[in-house]
Each structure stands twice: as C-alpha cells, then as structure tokens.
Amino acid sequence: MELLDVDGAWLYTPEIMRDERGEFLEWFRGRTFQEKIGHPLSLAQANCSVSRKGVLRGIHFADAPPGQAKYVTCASGTVLDVVVDVRRGSPTFGRWAAVRLDAARHQGLYLAEGLGHAFMALTDDATVVYLCSQPYVAEAERAVDPLDPAIGIEWPTDIDIVLSAKDTHAPSLAQAAETGILPDYEECRAYIAEAAGVGPAR
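Residues numbered from 1 in each chain as written. Predicted model: local features only at pLDDT ≥ 70, side-chain atom pairs only at ≥ 80, totals over all residues. Heavy atoms only, no water.

A.B. asks: Hey, could you run me through the pattern of salt bridges in this one?
C.D. replies: Opposite charge on two side chains permits them to pair, given that their charged atoms come into close proximity. A complete count under the given rule lists 11 salt bridges for this structure. Residue Asp85 pairs with Arg87 through a salt bridge whose shortest N-O separation is 2.9 Å. Taking the shortest distance from any N to any O, the salt bridge between Asp102 and Arg105 comes out at 3.3 Å. The class for Asp102 is buried, based on a relative accessible area of 11%. Linked by salt bridges that have partners in common, Asp7, Asp85 and Arg87 make up one network. (Salt bridge = Lys/Arg side-chain N within 4 Å of Asp/Glu carboxyl O. Buried < 20%, exposed > 50% of the residue type's maximum accessible area, 1.4 Å probe, protein only.)

Given below as structure tokens:
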C-alpha cells in the first residue's frame, strides 16, 4: 500500500492473476490493510454507485467522530477518484490527491475518517463500490463544492460535468469552515486511536 500526499489516504495495488479463463485478485485483504494502516477496517456498510460519463459526485464527508472511513474501487469503467483533506488543524488541510481507478488495475483507495471524497466518471457505466466503517446517516452527511477554486482540483476539461443539485449548491471550503461543519483533525486522530485500541477511552 502506498501513502498518498493527504494524511490518512492510501492506495492499494493488488496482484492480478490472469489466464485464459479471465482474472482473479484480492481487492481487499484485512491483514495487509491492518499492517499498513495500523488498525482494522470495521465494515458497517457496502455501497455500489453507477454513473454515466461526466457525473461528478462529492466532495462528501460525514460528521466526525465517528465519521466514515471508506475503501473504494472501480469495478467497471474508469473514474478519477479524489480525496480532499477537510479536517481543521490537519497538516495537509485543503490538500487533495487524485488517482485514476479502473477495472483493469483494480486498485483500491482508502480514506480515513474525516477526509472528503469525490469522484468523476470518465466512462459510461462507471461502477464504484466501497466499504464503509459506519452506516450512512443522512443528517450527518456534509458536502463541499467540488469546483471550489480554492481547493483547485484538476478535473478533466474535455468532459461536461454533471452535478446533483446538492453538490451544485455545496459551500466552499472556506464557507464550510466558517459554519463549523468541518471535522477536527485531532478529534479524528483520537477516535481512530481509540478504535485501534491504542488511545484513551472516551
């Protein structure tokens, strides 16, 4: 697993075994994950999202703690997957990292609790599946504008972007900070440490 430029974001590249029948891979292996990340991924929910070309989803995150850690892969088609550090006080606050996830390499992207997540479908029928550490709670979900120039994500310019009404009207990162909806970096770290059994009980 490779640590990305955003603290708490990791990229996993599986070994793919191919023969005349097709291919086989382990897209998630708990022991390997725990050795690299330092704690297991608690599975509470598994999601599947299918998008047509140009659809941009995010930047989404959940109130933390507990937040919602995610392990994401692309099962069909291709997406540009982006992690954004929206945690107040983080040494990488406002930084983003992008990886191209597709059905050929089967890479997986892990995002720790408190990080923002977005992706853009680069093909039709782009199918993203992800494991979540906490179940979805509508009232705890937050969003930041994926086109916020202050964040400056370099989305493809040759594809027309399709946004939901919610994401179109999402606040900028600065506005989200002013309203107090952003996760706190130290609170996220303390929660993760406690979940891993190395922190104080709450």
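A.B. asks: What should I look at first to understand the environment of Val72 in this one?
C.D. replies: Looking at the element boundaries, Val72 is found in strand 7 (residues 70-76). Measuring from C-alpha to C-alpha, the distance between Val72 and Tyr130 comes to 4.3 Å, with 58 residues separating the pair along the chain. Contact partners of Val72, with chain neighbours within four places excluded, come to Asp81, Leu101, Gln107, Gly108, Leu109, Leu111, His117, Val128, Val129 and Tyr130. (Helix = DSSP H or I, 4+ residues; strand = E, 2+ residues; numbered from the N terminus. Contact = heavy atoms within 4.5 Å.)

A.B. asks: When you look at the pairing of strand 2 (residues 9-12) in this model, what are you seeing that I'm missing?
C.D. replies: Residues in a regular strand point their side chains to alternate faces of the sheet. Neither face of strand 2 is exposed, since Ala9 and Leu11 on one face and Trp10 and Tyr12 on the opposite face are all buried. Where strand 1 (residues 2-3) folds back on strand 2, the antiparallel hairpin that results is connected by 5 residues, among which Gly8 adopts a positive phi of roughly 95°. The pairing of strand 2 with strand 10 (residues 108-111) spans 4 bridges and is classified as antiparallel. Residue Leu11 lies in a different strand from strand 10, and its bridge partner there is Leu109. (Pairing = 2+ DSSP bridges.)

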